[in-house]
Amino acid sequence: MTLTTVDAAAQKQVPGNTGTGQASERDYSDYKVVPARHPWRWLGTVVVAGLAASVLYSLLTNPRWEWDVVAQWFTAESILRGLGQTLKLTLISGSLGFLLGFVLALMRLSSSPLFSSVSWTFSWIFRSTPLLVQLLLWYNLGYLYETIRLGVPFTSITFAELQTTTLISQFAAAVLGLTLNQAAYSAEIIRGGILSVDQGQIEAAEALGIPRWRRSTRIVLPQAMRAILPTAFNEIIGLVKGTSIVYVLAYSELFYTVQVIYNRTQQVLPMLLVATIWYIVITSVLSIAQYYIERHYSRGALRTLPPTPLQKLRRFISTHAVKGPANEPAR
């Protein structure tokens, strides 16, 4: 009896109620829609905006940043040459590192105990030692081996013999150290991506009689790339910044060039800003490439791909271009 009375009272309070007692027939058109309030979000926005504005104001107004010196050296010929060497080291070491890492990942996944052991040992050694130590070791390889001979192992048959100090130059030591170090990490990234693919899909492809190579290239790798790409681009960005450690070999990449200049001019902070801005430019370009490549490989996972920033801009312009004339008063 109490429930019936409460329900009847509730029906009387509903505007437009017909008295039938059916919730589906209630009219909510007179109800006022109150938007949700987020006072803490607005407070946080104001605080963050204030901090960002204060930092920007300090950067622009503090004369000790010496932005005129930064502008003077930013596109200097020596800086651009060093930038070119940094990009060359990144391209060569990154390409060779991921190629070797792919081979090592397949070896680690192999059923052969020898292949798996060699791959594990390689990753263990090169991930356990600092990159700086590896670079110095390769650069001083001539102290351990005066010559490098190419021939039949365990025999006196020799096809070629080279001086180690001639073969291992500053550039060769840098490429060798960066490549082998990158390969050790790339192997684990690629192996993890391959293992992330559902085993049931591989078994279904085997049941359909799809050849092994086609299974790998058309089924496994496209899906593995979704897991590989984010970490792989992090490694590439790390490699860009990691090339700065090559300065210990006196190789004229970007950071070493900046060091030479500020040792001569004593303008330390502006020259470090030059290097910082160039590193930011490189990593920004890589981040844009990462977005579009990840979007490409997400086609199998999403029915509708999210719009790109350019597509969003075009949609925004077209929407406002269409609404604009329609909202004008008729004459």
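Note that the structure is predicted; figures quoted are calculated from it, not measured.

### Considerations on the overall build of the protein chain
What the protein chain contains, in helices and strands, is 14 helices and two strands. Taken over 331 residues, the protein chain has a buried fraction of 28%. Restricting the contact set of the protein chain to residue pairs at least 6 apart, pairs at least 24 apart contribute 66%. Here the protein chain displays about 22,400 Å² of accessible surface, and carbon together with sulfur accounts for 64% of that area.

### Some remarks on the UniProt feature "transmembrane region" (unreviewed entry) in the protein chain
Under the feature "transmembrane region" (unreviewed entry), the UniProt entry names residues 40-60, 89-109, 121-141, 244-262 and 268-293. Secondary structure content for residues 121-141 is 86% helix and 0% strand, and the end C-alpha separation is 21 Å. Between the end C-alpha atoms of residues 268-293 the distance is 38 Å, and the span holds 100% helix and 0% strand.

### What about the pairing of strand β2 (residues 158-163)?
Here five bridges tie strand β1 (residues 147-151) to β2, and the two strands are oriented antiparallel to one another. Along β2, the bridge assignment pairs Arg-149 with Glu-161. Two successive antiparallel strands, β1 and β2, enclose a turn made up of six residues, where Phe-154 displays a positive phi of approximately 65°.

### Concerning helix α3 (residues 67-74)
Considered for burial, the residues of α3 that qualify are Val-69, Val-70 and Trp-73. Seen from one end, α3 has its buried residues packed into an arc of 105°, which puts them on one side. Within α3, the exposed residues directed more than 90 degrees away from the buried face are Asp-68, Ala-71 and Gln-72. At its buried positions, α3 is contacted by α4 (77-109), α12 (254-265) and α13 (268-297).

### A word on unusual backbone geometry
For Ala-250, which is not a glycine, the phi torsion comes out positive at approximately 60°. Within the chain, Gln-266 stands out as a residue other than glycine whose phi angle is a positive 65°. The class for Gln-266 is exposed, based on a relative accessible area of 59%.

### A look at the packing of helix α6 (residues 131-139) against helix α9 (residues 170-195)
Between α6 and α9, whose axes approach to 9 Å, the crossing angle comes to 140°. Judged on the interaxial angle alone, α9 and α6 are oblique. Remark: the crossing between α6 and α9 carries right-handed chirality. Across the interface between the two elements, Leu-131, Gln-134, Leu-135, Trp-138 and Tyr-139 of α6 pack against Gln-170, Ala-173, Ala-174, Leu-176, Gly-177, Leu-178, Leu-180 and Asn-181 of α9. Of the residues assigned to the contact of α6 with α9, the class counts are nine nonpolar, four polar and no charged.

### Concerning the packing of α12 against α13
Closest axis-to-axis distance for the α12/α13 pair is 9 Å, and the angle between their directions is 165°. Judged on the interaxial angle alone, α13 and α12 are roughly antiparallel. Crossing of α12 against α13: the hand is right-handed. Of the residues in α13, those in contact with Leu-254, Phe-255, Val-258, Ile-261 and Tyr-262 of α12 are Val-268, Met-271, Leu-272, Ala-275, Trp-278 and Tyr-279. A per-class count over the contact of α12 with α13 returns 11 nonpolar, no polar and no charged.

### So, a nonpolar patch on the surface
On the surface, Ile-288, Tyr-291, Tyr-292, Leu-310, Leu-313, Phe-316 and Ile-317 cluster together into a nonpolar patch covering about 700 Å² of accessible area. Elements supplying a minimum of two residues to the nonpolar patch: α13 and α14 (309-327). Looking at where Tyr-292 falls in the secondary structure, it is placed in helix α13.

### As for the nonpolar core
A general tendency of soluble globular proteins is for nonpolar side chains to be buried together. Counting 22 residues, the largest nonpolar core has Leu-89, Phe-122 and Val-246 as its most contacted members. Elements supplying a minimum of two residues to this core: α4, α5 (113-128), α6 and α9. The leading source of residues in this core is α9, at eight residues. Once residues within four sequence positions are removed from consideration, Phe-122 is found in contact with Leu-100, Leu-104, Leu-180, Ala-183 and Ala-184. Trp-73, Val-258, Met-271 and Ile-282 belong to the second-largest nonpolar core, a separate cluster that totals 20 residues.

### Focus on the environment of Leu-106
Note that Leu-106 resides in helix α4. Looking at Leu-106, the relative accessible area reads 43%, which means it is partly exposed. In the structure, Leu-106 is positioned 81 residues away from Ala-187 in sequence and 8.4 Å away in space, judged by C-alpha atoms.

Rules behind the numbers
- Residues numbered from 1 in each chain as written.
- Predicted model: local features only at pLDDT ≥ 70, side-chain atom pairs only at ≥ 80, totals over all residues.
- Heavy atoms only, no water.
- Helix = DSSP H or I, 4+ residues; strand = E, 2+ residues; numbered from the N terminus.
- Buried < 20%, exposed > 50% of the residue type's maximum accessible area, 1.4 Å probe, protein only.
- Contact = heavy atoms within 4.5 Å.
- Areas by Shrake-Rupley, 256 points an atom, 1.4 Å probe, with all protein chains shown as cover.
- UniProt positions renumbered as here; feature names shortened; annotations may be inferred.
- Pairing = 2+ DSSP bridges.
- Arc of directions from axis to C-beta.
- Axes fitted to C-alpha atoms, helices over the stretch in contact; angles between N-to-C directions.
- Parallel < 35°, antiparallel > 145°, perpendicular 65-115°, else oblique.
- Left-handed = near helix turned anticlockwise from the far one by under 90°.
- Nonpolar A, V, L, I, M, F, W, Y, C, P; charged D, E, K, R; others polar.
- Patch = residues over 30% accessible without salt bridge, like charges linked within 9 Å, V, L, I, M, F, W, Y side chains within 5 Å.
- Salt bridge = Lys/Arg side-chain N within 4 Å of Asp/Glu carboxyl O.
- Core = buried A, V, L, I, M, F, W, Y, C linked by side-chain atoms within 4.5 Å.

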